[in-house]
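# Chain and residue survey
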Amino acid sequence: MKKFILITALLAFNYSFSQITIEGFIFDKATNESLPFATIQTISTSNRNYYTISNEDGKFEINVKSTTDSLLVRTIGFKTKKVSISYFKSNKKLYLSPNTYNLNTVLIVAKKDKNYVYNLLSRLLKKYAKKKHITDSKAFLTLTSSAREIPIEIIEGFYNSKQSLSKGIVDFKLKGGRFGQKASFPFYSLNNTDILKDFQLFGKSSNILPLHPGNLSSGAIKWKYKVKMDSCKNCNAQDVSISFNPKRAGNRFFSGTIIFNKETLTIKKIQLAITDPKIKNFTSISNDDSVTPKSVKIHINFNPIDYKKIQSIDFELTMYYKSAESFEIITSNSFLYFYDYNKPFEEPYFTDNINFRNDYDKIMALQSSDDFWNSNYQFPKSFKEEKAINYFKNNGYLINYGNNTPASYLSLIKPSILPWRKDRLQDWKNIKVSINKSDKMSSIKQRDPSGELKGDKVFYSYGDMKRYMTNQKGKEQFKFSYVLDSYLKNGKIQFVTQTLFNRATSFYPYNRTQNKLIYIGVIFDIYEVFNRELEYQLAGITNFEAAKVACDKKFEEATTLVNQMKIETELGLNSRKLERWSERIKLKLNSITE
């Protein structure tokens, strides 16, 4: 729990699409502090019950179908409370009362039997090590990083996740995201998701992070840890809290607590912490910078509606960050919320396989429509997140926050993938970061720029183009792709497409001339023309598989025209014909509304 500071608190009843949006705050009645990550569930006469959680400020937002619905609010250590929707007509805050149970009997048993706590913990961990069932779900990530309390990065992302009680996260794929950074201090912390994917809850592990009792045998726990039963004043009647601390000072073992039901051996919450940890393979995304971990905290919360599922992971990493320009202590907070179990997102489809360097690259390539974010957002932004976004508007840049990424940001972001934009290829500095000149020398003879290919054909057959491109194999490679994505809006499927240029796998054998820049731009624009035609076609399609077929077909049509342009312009060496193609494609682009 944390102190809650907010100048203005609003309560809203918004009516749209036969839904009522309720906003409110959850507070501790005893301390008057906000309660973050409380679970709020609708109880509806329609039997269509939804739930969400409060944000780190205790604020929540949830849609209900009727004013006769009720809300059921629960969080560990507090009495569950049910209130009618009408409660929020005159109240902004809902107060929960702490549980008050006496665990003296359990504590007495633990004191008399020295092995009681070890045996109880061992039984619990063995049970969970066998829980290998994998659950599919959607996941929402929020991440903020700061140095000297000044924001340096914010990330929001939707993912498809697979997780089990024994392994933790076993798969994690980005659906869509957005981020902001401070321009004078570009810091990348999204590899936090790689750490969380590697973290194993139970069973033997070779984690990047240090170990905890869930990774050890019963004998090893007795050897490595002091384990005791703690007083748990706010626990439920059947719940107990066991704490564990390493017997020897070191940097490879977490200390922490586990709260669970002692009768059913059902875990409700795990808390882990370590100072000056030894973390394997922990490096900066930038090769020129170094990072040294200072402390790690992890809170794993299990779903109070169904404790067989993980609800959230709260991960805090504090590190020493050293670059050529500065030395900073950076704190990075990641909160990962799992929801819509067994209802994952439709995953994005690419016409050409792309190996993304990291999720920053993928965020640049994927959808950023306001409709997608508004229909999927899980809880209100926290005060800290709002502060960071406002800060980056004036002191940095924001990617996918309802805005196009200006070409001037590319030198800072250095993505390997470029989505099509009107101003994207106006200068070599916008594409030179990853596009490489081929080491192979060109065998094409230098020709008069005004020369033309022999022959009088205007349209070339597939055989002509295939033979010509075969002869040019290895001379150049410009990799393009379409990405097709989808989301639901008012129950109807919506499609989003983008034209992508893969700089990381593209190469060419010539110097960086203006003609070559125009040549690459024409190729990019041709693919964009067919992408816009695809968008119109998708308006009449109602399923993702049919949309994929249409996407592939349009990409093939675009590639055919690109190959024709390459032949006619002699790979861009024929200035006159290249100019004609450029004008032709620009006219076509202008005639098709974006």
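Presented here is a report on the structure given in the accompanying data block. (Residues numbered from 1 in each chain as written. Predicted model: local features only at pLDDT ≥ 70, side-chain atom pairs only at ≥ 80, totals over all residues. Heavy atoms only, no water.)

Attention now moves to the overall build of the protein. For the protein, the helix and strand inventory stands at 12 helices and 24 strands. Within the protein, buried positions represent 53% of all 594 residues. By sequence separation, contacts in the protein at least 24 residues apart represent 66% of the contacts at least 6 residues apart. Approximately 28,600 Å² of the protein is accessible, and the part contributed by carbon and sulfur atoms is 49%. (Helix = DSSP H or I, 4+ residues; strand = E, 2+ residues; numbered from the N terminus. Buried < 20%, exposed > 50% of the residue type's maximum accessible area, 1.4 Å probe, protein only. Contact = heavy atoms within 4.5 Å. Areas by Shrake-Rupley, 256 points an atom, 1.4 Å probe, with all protein chains shown as cover.)

A few words now on the packing of helix 11 (residues 544–568) against helix 12 (residues 575–591). The N-to-C vectors of helix 11 and helix 12 enclose an angle of 150°; their axes lie 9 Å apart at closest approach. Considering the angle they form, helix 11 stands roughly antiparallel to helix 12. Note on packing geometry: the crossing formed by helix 11 with helix 12 is right-handed. Counted together, Leu561, Gln564, Met565 and Glu568 of helix 11 and Lys577, Trp581 and Arg584 of helix 12 form the full contact between these two elements. Across the contact of helix 11 with helix 12, the residue classes break down as three nonpolar, one polar and three charged. (Axes fitted to C-alpha atoms, helices over the stretch in contact; angles between N-to-C directions. Parallel < 35°, antiparallel > 145°, perpendicular 65-115°, else oblique. Left-handed = near helix turned anticlockwise from the far one by under 90°. Nonpolar A, V, L, I, M, F, W, Y, C, P; charged D, E, K, R; others polar.)

Attention now moves to the packing of helix 10 (residues 514–538) against helix 12. Running from N to C, helix 10 and helix 12 point in directions that differ by 30°, and their axes come no closer than 9 Å. What the angle tells us is that helix 10 and helix 12 run roughly parallel. Helix-helix and strand crossings are classified by hand; for helix 10 and helix 12 the assignment is left-handed. In this structure, helix 10 uses Asn515, Ile518, Tyr519, Val522, Asp525, Ile526, Glu528, Val529, Arg532 and Glu533 to contact helix 12, whose residues at the interface are Ser575, Leu578, Trp581, Ser582, Ile585, Lys588 and Leu589. In terms of residue class, the contact of helix 10 with helix 12 is built from nine nonpolar, three polar and five charged.

Bringing the layout of surface pockets into the picture now. When its volume is computed, the second largest pocket comes out at roughly 1,200 Å³. Around the second largest pocket, the lining is made up of 48 residues, and of these Pro36, Phe37, Lys269, His299 and Asn301 lie nearest the centre. Mapped by element, the contributors of at least two residues to the lining of the second largest pocket are strand 9 (135–147), strand 13 (239–246), strand 15 (266–275), strand 16 (290–302), strand 17 (310–322), strand 18 (327–339) and helix 7 (383–395). (1 Å grid on protein atoms, 1.4 Å probe; cavity = no way out; pocket = protein on both sides within 12 Å on 5 of 7 lines; lining within 4 Å. Points joined across faces, edges and corners; volume = space filled by probe spheres on them.)

Attention now goes to unusual backbone geometry. The phi dihedral of Arg148 falls on the positive side, at around 55°, and the residue is not glycine. Residue position: Arg148 is located in the loop between strand 9 and strand 10 (150–164). The phi dihedral of Glu570 is positive, around 55°, even though this residue is not glycine. Assessed through its relative accessible area of 4%, Glu570 is described here as buried.

Two aromatic rings are characterised by how far apart their centres lie and by the angle between their planes. Taken as a whole, this structure holds 34 aromatic pairs when the rule is applied. When the ring of Phe345 is compared with that of Phe372, the centres are 6.1 Å apart and the planes differ by 50°; the resulting orientation is tilted. Of this pair, Phe345 sits in the loop between strand 18 and strand 19 (349–350) while Phe372 sits in helix 6 (residues 370–376); the two residues are 27 residues apart in sequence, bridging distant segments of the chain. A residue is classified by how much of its surface remains accessible, and Phe345, at 11% relative accessible area, is buried. Classification of Phe372 as buried rests on a relative accessible area of 0%. For the pair Tyr482 and Tyr527, a centre-to-centre distance of 6.2 Å together with 85° between the ring planes defines the contact as edge-to-face. Here Tyr527 lies in helix 10 and Tyr482 lies in strand 23 (residues 477–489), a separation of 45 residues in the sequence. Judged by relative accessible area, Tyr482 falls into the buried class, the value being 0%. (Phe/Tyr/Trp six-rings, centres within 6.5 Å; stacked < 30°, edge-to-face > 60°.)

The subject of this paragraph is the sheet that holds strand 16. The pairing of strands in a sheet happens through backbone hydrogen bonds and is either parallel or antiparallel. Read from one edge of the open sheet, 11 strands run 12-13-14-15-16-17-18-9-10-11-20, paired in antiparallel fashion. In this open sheet, the two edge strands, each paired with only one partner strand, are strand 12 (225–230) and strand 20 (396–399). Each strand axis lies, on average, 20° off the axis of its neighbour in the sheet, ignoring direction. Pairing geometry for strand 9 and strand 18, over 10 bridges, is antiparallel. In the strand pairing of strand 18, Ser145 is matched with Ser332. Here helix 7 sits on the sheet in contact with strand 9, strand 10, strand 11 (168–182), strand 18 and strand 20, set at roughly 125° to strand 10. (Pairing = 2+ DSSP bridges.)

Counted according to the given criterion, the structure contains 18 salt bridges. Across the pair Arg178 and Glu156 runs a salt bridge, and its minimum N-O distance is 3.0 Å. Pair noted here: Arg178 is in strand 11 and Glu156 is in strand 10, with a separation of 22 residues, a long-range link. No difference in accessibility class separates Arg178 from Glu156, as the two residues are buried. A salt bridge links Asp194 to Lys197; the nearest nitrogen and oxygen atoms lie 3.5 Å apart. With Asp194 and Lys197 both in helix 3 (residues 192–198) and three residues apart, this pair spans about one turn of that helix. Classification of Lys197 by relative accessible area gives partly exposed; the value is 32%. Through salt bridges with shared partners, a single ionic network connects Glu156, Arg178 and Lys381. (Salt bridge = Lys/Arg side-chain N within 4 Å of Asp/Glu carboxyl O.)

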